[in-house]
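# Topology and contacts: notes
Below, each chain spelled out in residue letters.
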Amino acid sequence: MLGKRLLVVSNRLPVAVIDNGRKRLKPSSGGLVTALNPILELEGGLWIGWPGLGKSDEVMPLADEHNREHSYSIHPVPLTADQVDKFYLGFANQTIWPLFHDFLGITSFEREHWEMYDEVNRIYAEHVAEHIQPDDFVWVHDYQLMRVGYHLRKLGVKHPVAYFHHIPFPSPDLYRRLPWARELFEGLVSYDSVGFQTLHDRRNFVALARDRLTSARFRIRRRQTIFDHQGHMVQVGNYPISIDFDEFSDGARSKEVRRELKTISEAYRVEHLVLGLDRLDYTKGIPQRFLALERLLEKYPELRGRVSLIQVVVPSRTKVRAYADLKEHLDSLTGRINGRFGTHGYMPIHYFFKHLTRPQLLALYRACEVALITPLRDGMNLVAKEYAASSVDHRNVLVLSEFTGSADQLGKGALLVNPYDLEGTADTLRRALLMEDEERRRRLRDLRAQVRTNDVHRWVSWFVSALSDARRNREDRQGRPEAAGDGGLRDSVPLEPSAHVPETYASKR
Ligand code: GDG
C-alpha cells in the first residue's frame, strides 16, 4: 500500500479470547473491525490491542497461531481486571463515551479512573515502542487511546503517528466540564494527524485548539486545518469512515445469504418488515425507535397487523449500570408494545438480544424493506452504510437520524428524522412504508453510489496521505536532504477526497 507497514493500535484486537472450556480466538464485531479488517487482510501489518480475556502466557500462543494463519499479525496487550475496570469500563465508557455523546447527566468523573486511563495509555505506548519498525506508519484509534501519542513522544518515538476519533467530538463548552481536559487535549495534539468523522467534529476540535493555543497560527490547507505545536505540525481533518462496499453488495447475493433469506421469509408473514440493529447502547435511540413504532400503530390503525420491527441488539458493556438499565427498559417496552398491539400470529416487535453471523446479518439487511436507524448521537453509524450496500433488490428505504455522522453523506438518499420527535419519526416511517417503487429506486441509487464511492479504501487513503505528509514534514524539520524543495509545509493532501488514491494502494484493489 504505502511501501510502509501499517501499525494499528486500538483498544481491542479484531479478535477476542473466548473460553468454552478451551480458550480460543474469535473474530470480534464492531465498526472499527468491519472497517479495518479487510485492509489489513489485504495489505498485511501489525495490530496491537487488548484481547479481552486471559493472561499473557495463555494469550501469546493463540496470537502466534493467528499470525501463522493470517496475512497480518496481532500483538495482544493483556490487561488486569482492575485496569479493565477503571480504564475501560470506568474512564472510557463512563466518562468519555457519555460526555462526548452529549450525555453529561450520566457522566461520571472519578480521579482514580482517569489515572488508570493515563497509565493504560502509557502501557499501550510501551508495547508500540517495543514493536515499532523504522518505516512504520502508526495509526491509533479512538477515544480509549487519546493519550497514547503523548506517551509515545515521551518514549522518544519520532515516527509519524495518526489518531482517528470514531465518536463525536463535543463543543468546547461541553469538553471543558472534564477535569482532565488539559491533559487529554495535550494527548491529542501530540499526534501528527488527527482525524474526525465529520466537519462538525473537526470544527469543535479546532475551536478548542484555538482557545487553548492562543499563540499558534492556524491555516487551512485543502481538507485540513494545520497548526504548529511544540516543534511539530498537527494536521486536523475530517475523514468519514466507511465499509467495503463490494464485500457487502456481493456478499448479500451469496448462497448462504439466500438460504437465510428463505428462513426469514418463512418465519415472518407480515407485509412490511422494518429493521433495527445496534450494539446495546443508550446513544443508539432504541427506546425512541420502539416508541415511534408504537405511535405509528396508535395513529395509523390501518397499519396494525401489517408492520413488524425486527430489532437485534448486540450485547455490549453490560457490566456498566446504564447499559444494564437500558436492557431492562427495552425488555419492558417490548412487552408493553407487544402486549398492546400483538395478536395471534402478529407481533409488532421481534426482539433479539444476541450476535448474528454475517450471512444472517446480510439476509436481514436484504429482507427488511426499511431500516430505522435512530441514534440520539453517533460518530458515523456503519449499519446505515452496510444496509445501503446490501440492498441489492433495490427496493429498500433508509430512515436515518440526523444526529449520525452518516447523515452527512446519506442525507440525500435517506429520509432523515430527529429521533427525539416521535411523531415526526412515526410519520416518516409511514412515508417510507408507502413509498412508490420509483422513488425507492432513485433514493437507493443515490445511497449506493455514495457508499460505493466513499468506501473504506478511500478512508484509509486519506490517512495514508496525511501520514505521508507528516513523514515529509518531520523529515523537512530534521533537514533531511530527500525533503529538500518541499517548502516545509506540504500541500499534497487532496482538495476533494475523490481526487486522490495512492497509486500502489489503488492498484492492489
Ligand atoms: C463506533 C461508533 C462508528 C452489529 N451487530 C452485528 C454486527 N454488527 C456490526 C455492524 C457494524 C458494527 O457492528 C456496528 O458499527 P456502528 O458504526 O453502527 O457502531 P459502533 O459499534 O457504535 O461503532 C460509530 C464506528 O465506531 C466506526 O467508526 O460508525 O459511530 O460509535 O459493522 O455490522 N455484526 C455481526 N453480527 C451482528 O449481530 N456479524
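Everything numeric here is computed off the predicted structure, so don't read it as measured data.

## As for the sheet that holds strand S7 (residues 161–164)
Strand pairing in a sheet relies on backbone hydrogen bonds, with the paired strands running either antiparallel or parallel. Pairing is mixed in the open sheet, where nine strands are placed in the order S5-S4-S1-S6-S7-S8-S11-S10-S9. The outermost strands of the open sheet, each flanked by one partner alone, are strand S5 (73–76) and strand S9 (219–221). Each neighbouring strand pair of the sheet contributes to a mean axis angle of 25°, computed without reference to strand direction. Where S9 lies against strand S10 (residues 224–229), three bridges are found, and the strand directions are antiparallel. Its bridge partner being in S10, isoleucine 220 is matched across the sheet by threonine 225.

## As for the domain arrangement of the protein chain
Its domain assignment divides the protein chain into domain 1 (6–241 + 464–478) and domain 2 (245–453). Distance between the C-alpha centres of domain 1 and domain 2: 30 Å. Contact residues are listed per partner, giving 24 residues for domain 1 and 24 residues for domain 2. Both sides of the domain 1 and domain 2 interface together cover about 1,800 Å² of buried area, and 64% of this is carbon and sulfur. Summed over the shared surface of domain 1 and domain 2, the result is one salt bridge. The residue aspartate 102 makes a salt bridge to arginine 377 at a minimum N-O spacing of 3.4 Å. Inspection of the region where domain 1 meets domain 2 yields six residue pairs in polar contact (both at pLDDT 80 or more).

## Comments concerning the pairing of S10
Taking burial as the measure, the six residues of S10 include five buried ones, the bulk of the element. In sequence, S9 turns back onto S10 through a hairpin of two residues, with arginine 222 there showing a positive phi of about 50°. Between S10 and strand S11 (residues 232–238), which pair antiparallel and follow one another directly, the connecting turn spans two residues, one of which, glutamine 230, has a positive phi of 45°.

## Describing the site of the ligand
Neighbouring the ligand are 23 residues, the closest being His166, Leu356, Asp378, Leu382 and Glu386. One of the backbone N or O atoms of glycine 379 is found 3.1 Å from an oxygen atom in the ligand. Within the contact set of the ligand, an oxygen atom lies 2.8 Å away from a backbone nitrogen or oxygen of methionine 380. Burial of the ligand by the surrounding chains reaches 93%, relative to a free accessible area of 730 Å². Listing elements by their share of the shell around the ligand, those giving two or more residues are helix H1 (31–43), strand S12 (272–279), helix H13 (358–367) and helix H14 (382–390). Considering each element in turn, the shell around the ligand owes the most residues, three residues, to H14. In terms of residue class, the shell around the ligand is built from 10 nonpolar, nine polar and four charged. There are two domains that each give the shell around the ligand at least three residues, and those are domain 1 (6–241 + 464–478) and domain 2 (245–453).

## Section: the pattern of salt bridges
One pass over the full model with this rule turns up 42 salt bridges. Of the charged contacts in the structure, one is a salt bridge between glutamate 423 and lysine 299, with a shortest N-O distance of 2.8 Å. Within this pair, whereas glutamate 423 is found in helix H16 (residues 422–434), its partner lysine 299 is found in helix H11 (residues 286–299), the two being separated by 124 residues in sequence. The class for glutamate 423 is partly exposed, based on a relative accessible area of 31%. Judged by relative accessible area, lysine 299 falls into the partly exposed class, the value being 30%. In this structure, lysine 327 engages aspartate 331 in a salt bridge whose closest nitrogen and oxygen atoms are separated by 3.0 Å. Separated by four residues within a single helix, lysine 327 and aspartate 331 lie in helix H12 (residues 321–341), roughly one turn from each other. Where salt bridges share partners, they join Glu294, Arg295, Glu298, Lys299, Arg336, Arg340, Glu423 and Asp427 into one cluster.

## Things to note about helix H4 (residues 111–131)
Between its first and last C-alpha atoms H4 spans 31 Å; for 21 residues at 1.5 Å apiece the expected length is 30 Å, and the two agree. By the burial criterion, the buried members of H4 are His113, Trp114, Met116, Tyr117, Asp118, Val120, Asn121, Ile123, Tyr124, Ala125, His127 and Val128.

Conventions used here
- Residues numbered from 1 in each chain as written.
- Predicted model: local features only at pLDDT ≥ 70, side-chain atom pairs only at ≥ 80, totals over all residues.
- Heavy atoms only, no water.
- Pairing = 2+ DSSP bridges.
- Helix = DSSP H or I, 4+ residues; strand = E, 2+ residues; numbered from the N terminus.
- Axes fitted to C-alpha atoms, helices over the stretch in contact; angles between N-to-C directions.
- Domains from an automatic or database assignment.
- Contact = heavy atoms within 4.5 Å.
- Buried area = accessible area lost by both parts, 1.4 Å probe.
- Salt bridge = Lys/Arg side-chain N within 4 Å of Asp/Glu carboxyl O.
- Polar contact = N/O pair within 3.5 Å; in protein donor to acceptor, adjacent residues only side chain to side chain.
- Buried < 20%, exposed > 50% of the residue type's maximum accessible area, 1.4 Å probe, protein only.
- Near = heavy atom within 4 Å.
- Areas by Shrake-Rupley, 256 points an atom, 1.4 Å probe, with all protein chains shown as cover.
- Nonpolar A, V, L, I, M, F, W, Y, C, P; charged D, E, K, R; others polar.
- Expected span 1.5 Å × (residues − 1).

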